[in-house]
Amino acid sequence: MNVLKIAIQKSGRLSEDSLKLIKECGIKLNNGKGKLKATADNFPLEFLFLRDDDIPGYVEDGVADLGIVGENVLVEKENDVELVKKLGFSKCRLSIGVDRNWDYKNIHELEGKSIATSYPKILGNYLKGKKVNAEIHEISGSVEIAPSIGLAEAVCDIVSSGSTLLSNGLKEADVIMRSEAVLIAQNALSADKRNILNQLIFRINAVQEGKQ
Ligand code: PRT
Ligand code: ZN
């Protein structure tokens, strides 16, 4: 019998709500805590617990058939996968942050400036679209401290409440993209697997309609 493999973030901001959605779909997980794999009792799904950054690549390669990941990571990675459905949780923005005393009016003020980010592709494409030339510094974490240590004049980072920007003397000046968790699928699923995916989508739709 066919089983769909779904990749879920092992631990982080997507994990809890991803598993909650699965549970609300009536799917029961058999997992020992801390394991990298789990199966379901009553639905043909197998779970792989991975770092979110690795999920789009594993889905493209077919190591997993499905995945749940932030749209921000999906767009940045540029993997060739299908965006099946927006899931409505882990909502956030990818935003430009600047010194709170900067009287920022629009993106053109970043012309010739340096910007620290973990999202060089999304930011680069956005700036190109706006015809702004800026220097992008790719850093993998603690982006918010870049201006205070003189590494960059602005940042482009994930924001939800905005308190991390504030506590680093920055303010949210411009929104580059809005993001939420999305269900992704491998492009070339077999007809049998597509059938299981359709059953899963049916259940997710029912859960989402119940919440409206
Ligand atoms: O270990 P792994 O690589 O799997 O996880 P990760 O550390 O890369 O990601 P994780 O768990 O932090 O985030 C997973 C996804 O959650 C992100 O890709 C986003 O789609 C989404 N998300 C939603 C967020 C936030 N909200 C968020 N607030 N991701 C990160 N943050 C950061 C933000 O950058 C800031 O530094 O949380 C901090 C607090 O945010 P404020 O604005 O509320 O202060
Ligand atoms: Zn990550």
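Residues numbered from 1 in each chain as written. Chains lettered and ligands numbered in written order. Predicted model: local features only at pLDDT ≥ 70, side-chain atom pairs only at ≥ 80, totals over all residues. Heavy atoms only, no water.

### Description of the side chain of Thr117
Position of Thr117 among the secondary structure elements: in strand 8 (residues 114-117). At a separation of 2.7 Å, a polar atom in the side chain of Thr117 contacts the main-chain carbonyl oxygen of Cys156. For Thr117, the residues in contact, after removing those within four places along its chain, are Leu123, Ile136, His137, Glu138, Ile139, Val143 and Cys156. (Helix = DSSP H or I, 4+ residues; strand = E, 2+ residues; numbered from the N terminus. Polar contact = N/O pair within 3.5 Å; in protein donor to acceptor, adjacent residues only side chain to side chain. Contact = heavy atoms within 4.5 Å.)

### A closer look at the coordination of the zinc ion (ligand 2)
Looking at the zinc ion (ligand 2), one finds its protein donor set to be Asp52 (OD) and Asp53 (OD), positioned 2.0 to 2.1 Å from the metal centre. Each of the four donor atoms bound to the zinc ion (ligand 2) contributes to angles spanning 75 to 170°, and the resulting shape is irregular. Classification of Asp52 as buried rests on a relative accessible area of 17%. (Donors = N, O, S within 2.8 Å, 3.2 Å for Na, K, Ca; no water. Tetrahedral: all angles 85-135°; square planar, octahedral: opposite > 155°, others 65-115°. Buried < 20%, exposed > 50% of the residue type's maximum accessible area, 1.4 Å probe, protein only.)

### Here's the deal with the environment of Asn125
Residue position: Asn125 is located in helix 4 (residues 120-129). Spatially, the C-alpha atom of Asn125 lies 22 Å from that of Ser142, the residues being 17 residues apart in sequence.

### Some thoughts on the packing of aromatic side chains
Overall, the coordinates contain two aromatic pairs when judged by the stated rule. With centroids separated by 6.5 Å and ring planes inclined at 10°, the aromatic side chains of Phe47 and Phe49 adopt a geometry described as stacked. Comparing Phe47 with Phe49 shows no difference in burial state: the two are buried. Judged by centre distance (6.1 Å) and plane angle (65°), the ring pair of Trp102 and Tyr104 falls under edge-to-face. With respect to class, Trp102 is no different from Tyr104; both count as buried. (Phe/Tyr/Trp six-rings, centres within 6.5 Å; stacked < 30°, edge-to-face > 60°.)

### A closer look at the sheet that holds strand 3 (residues 37-40)
The strand order across the open sheet formed by seven strands is 2-3-4-1-5-12-6, and the pairing between neighbours is mixed. Among the strands making up the open sheet, the edge pair consists of strand 2 (29-30) and strand 6 (82-86). Of the strand pairs in this sheet, strand 1 (residues 4-9) and strand 5 (residues 66-70) are connected by two bridges, and their pairing is parallel. Its bridge partner lying in strand 5, Ile6 is registered against Leu66. Running at roughly 145° to strand 1, helix 1 (residues 15-24) makes contact with strand 1, strand 2, strand 4 (45-50) and strand 5 of the sheet. The sheet strands contacting helix 6 (residues 191-211) are strand 1, strand 5, strand 6 and strand 12 (181-185), and the helix crosses strand 6 at an angle near 25°. (Pairing = 2+ DSSP bridges. Axes fitted to C-alpha atoms, helices over the stretch in contact; angles between N-to-C directions.)

### A short note on the sheet that holds strand 10 (residues 154-159)
Strands sit in the order 9-8-10-7-11 across an open sheet of five strands; the sheet is mixed. The sheet terminates laterally at strand 9 (135-138) and strand 11 (170-179), the two strands that pair on one side only. In this sheet, neighbouring strand axes are inclined to one another by 25° on average, regardless of whether the strands run parallel or antiparallel. Bridge count for strand 8 against strand 9 is four bridges, and the pairing is parallel. Following the sheet pairing, Ile115 is matched in strand 9 by Ile136.

### Notes on the domain arrangement of the protein chain
On domain assignment, one finds that the protein chain holds domain 1 (4-90 + 180-211) and domain 2 (92-179). Relative to domain 2, the C-alpha centre of domain 1 lies at a distance of 30 Å. With 10 residues of domain 1 in contact, the opposing surface of domain 2 contributes 11 residues. Carbon and sulfur atoms make up 49% of the surface buried where domain 1 meets domain 2, a total of about 800 Å² over both sides. Three residues stand out in domain 1 for area buried against domain 2, namely Asn72, Glu76 and Glu78, and they jointly supply 65% of the buried area on that side. In this assembly, domain 1 and domain 2 are joined by one salt bridge. For Lys121, the salt bridge goes to Glu78, with nearest N and O atoms at 3.6 Å. Sorting elements by how many residues they give to the side of domain 1 that touches domain 2 places helix 3 (residues 71-77) first, with six residues. Class assignment for the residues of the side of domain 1 that touches domain 2 results in two nonpolar, three polar and five charged. (Domains from an automatic or database assignment. Buried area = accessible area lost by both parts, 1.4 Å probe. Salt bridge = Lys/Arg side-chain N within 4 Å of Asp/Glu carboxyl O. Nonpolar A, V, L, I, M, F, W, Y, C, P; charged D, E, K, R; others polar.)

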